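Read off the chains here:
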Amino acid sequence: MLNIVLFGPPGAGKGTQAEKLLKKYELIHLSTGDILRGEICAETPLGIEAKKSMDKGELVADEVVIAMMEAKIDANKEAKGFIFDGFPRTTAQAEALGEMLHEKGTNITCMLALFVDDDELIKRLLLRGKDSGRADDQDQSVIENRISVYNKETAPVIDFYDTQNKYISIDGVGSIDEIFARLCVAIDQLI
Ligand code: AMP
């Protein structure tokens, strides 16, 4: 299986690139943010609880997202592989993902980490907020909190995959097609 952790701060372009990658490599795209927003729309207890953290730009509890992702992986037994987008966001999530995949006889192939500077991220997110209608993209202080949560809680996940020699950094600035080409070069060296 080809299992990719597509990593980067909010606004790095993970969702956009995941859409292109899943078509080219025939993978299942699992975005925790999209799944959580679906739960909010459906007004499930999980969604109602998660919304409180999401509106502030804070992380949803590890046990909630881990259980949610395990269910999604189990529901896609025939998958050729997965693109994990926005997950794992903590070292505890990365460990849990490793165990889940190990039990299913597979593992993470690589972490592709998109790098974009903070000023560019804020610009992109405010622009996205105008179209997406996402509350967490419309408020500059919530955006800044998400970036700070990324730096404190999520960036350490890089070390987790680096020690396993699975970490690949990708320049996330440029046109969508340029960045996609960089990601494909990295993946094609591994398959
Ligand atoms: P995203 O769409 O990936 O930017 O995620 C939007 C929000 O959903 C984040 O700011 C978090 O509140 C929540 N979220 C998404 N993925 C995770 C995760 N792996 N762990 C905890 N919270 C998450």
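Quantities reported herein were computed from a predicted structural model and do not represent experimental measurements.

Student: Hey, could you go over the overall build of the protein chain for me, with residue numbers and the actual values?
Tutor: Looking only at helices and strands, the protein chain has 9 helices and 5 strands in total. Element order for the protein chain, N to C, with α for helix and β for strand: β-α-β-α-α-α-β-α-β-α-α-α-β-α. Relative to its length of 191 residues, the protein chain is compact, with a C-alpha radius of gyration of 16 Å against a globular reference of 16 Å. Dimensions along the principal axes, computed over C-alpha positions, put the protein chain at roughly 40 × 40 × 30 Å. Burial status across the protein chain gives 45% buried among its 191 residues. Counted over contacts in the protein chain with a minimum sequence separation of 6, partners at least 24 positions apart contribute 74%. For the protein chain, the accessible surface area stands at approximately 9,600 Å², while carbon and sulfur atoms represent 52% of it. Across the protein chain, the 22 positively charged side chains and the 33 negatively charged ones have centroids separated by 4 Å.

Student: Can you explain the sheet that holds strand E2 (residues 28-31)? Please cite residues and give values.
Tutor: Pairing is parallel in the open sheet, where 5 strands are placed in the order E2-E3-E1-E4-E5. The open sheet has two edge strands with one neighbour each: E2 and strand E5 (167-171). In this sheet, adjacent strand axes meet at a mean angle of 20° when their direction is disregarded. In the sheet, E2 pairs with strand E3 (residues 81-85) via 4 bridges, with the strands oriented parallel.

Student: Tell me about the layout of surface pockets, and name the residues and values.
Tutor: For the largest pocket, the calculated volume is near 890 Å³. Lining the largest pocket are 46 residues, with Pro10, Lys14, Arg89, Arg128 and Arg134 sitting closest to its centre. Broken down by secondary-structure element, the contributors of at least two residues to the lining of the largest pocket are strand E1 (2-7), helix H1 (14-25), E2, helix H2 (32-41), helix H6 (118-132), helix H7 (140-154) and helix H9 (176-188). Class assignment of the residues belonging to the lining of the largest pocket gives a composition of 17 nonpolar, 17 polar and 12 charged. One number sums up the size of the second largest pocket: a volume of about 170 Å³. Lining the second largest pocket are Arg37, Ile40, Lys51, Met54, Asp55, Gly133, Arg134, Ala135 and Asp136. At the level of elements, H2 and helix H3 (45-56) are the ones that each hand at least two residues to the lining of the second largest pocket. Looking at the lining of the second largest pocket element by element, the count peaks at 3 residues for H3. Of the residues belonging to the lining of the second largest pocket, the class tally is 3 nonpolar, 1 polar and 5 charged.

Rules and cut-offs
Here the residue index of a chain counts from 1 through its sequence in written order. Local features in a predicted model are, by the rule used here, given only for residues with pLDDT of at least 70; side-chain atom pairs are given and counted only at 80 or more, and totals for whole chains, interfaces and linings are based on all residues. Side-chain measures here rest on the full set of heavy atoms in the structure, leaving out hydrogens and waters. To qualify as a helix, a DSSP run of H or I must reach at least 4 residues; to qualify as a strand, a run of E must reach at least 2; elements of each kind are numbered from the N terminus. Using C-alpha atoms as the atom set, the radius of gyration is obtained and then compared with a globule rule of 2.2 Å times the number of residues to the power 0.38. Between buried and exposed lies partly exposed: a residue is buried under 20% and exposed over 50% of the maximum accessible area for its type, with that area taken using a 1.4 Å probe on protein chains only. Note on contacts: a residue pair qualifies if any of its non-hydrogen atoms lie within 4.5 Å across the two residues. All accessible-area figures derive from a Shrake-Rupley calculation using a 1.4 Å probe, and residue coverage is judged against the displayed protein chains alone. Only four residue types enter the charge count, namely Lys and Arg as positive and Asp and Glu as negative; His and the chain termini do not. The atom standing in for a charge is NZ when the residue is Lys, CZ when it is Arg, CG when it is Asp and CD when it is Glu. Between any two strands, pairing holds if DSSP finds at least two bridges. Angles run from 0 to 180 degrees between N-to-C directions of axes, and those axes are lines fitted to C-alpha atoms, restricted for helices to the stretch in contact. Grid spacing is 1 Å over the protein atoms alone, the probe is 1.4 Å, and a cavity is where that probe fits but cannot get out, while a pocket is an open set with protein on both sides within 12 Å along at least five of seven lines and lining residues have an atom within 4 Å of a point. Grid points are joined across faces, edges and corners, and a volume is the space filled by probe spheres set on the points. Residues are grouped as follows: Ala, Val, Leu, Ile, Met, Phe, Trp, Tyr, Cys and Pro are nonpolar; Asp, Glu, Lys and Arg are charged; all remaining types, including Gly, are polar.

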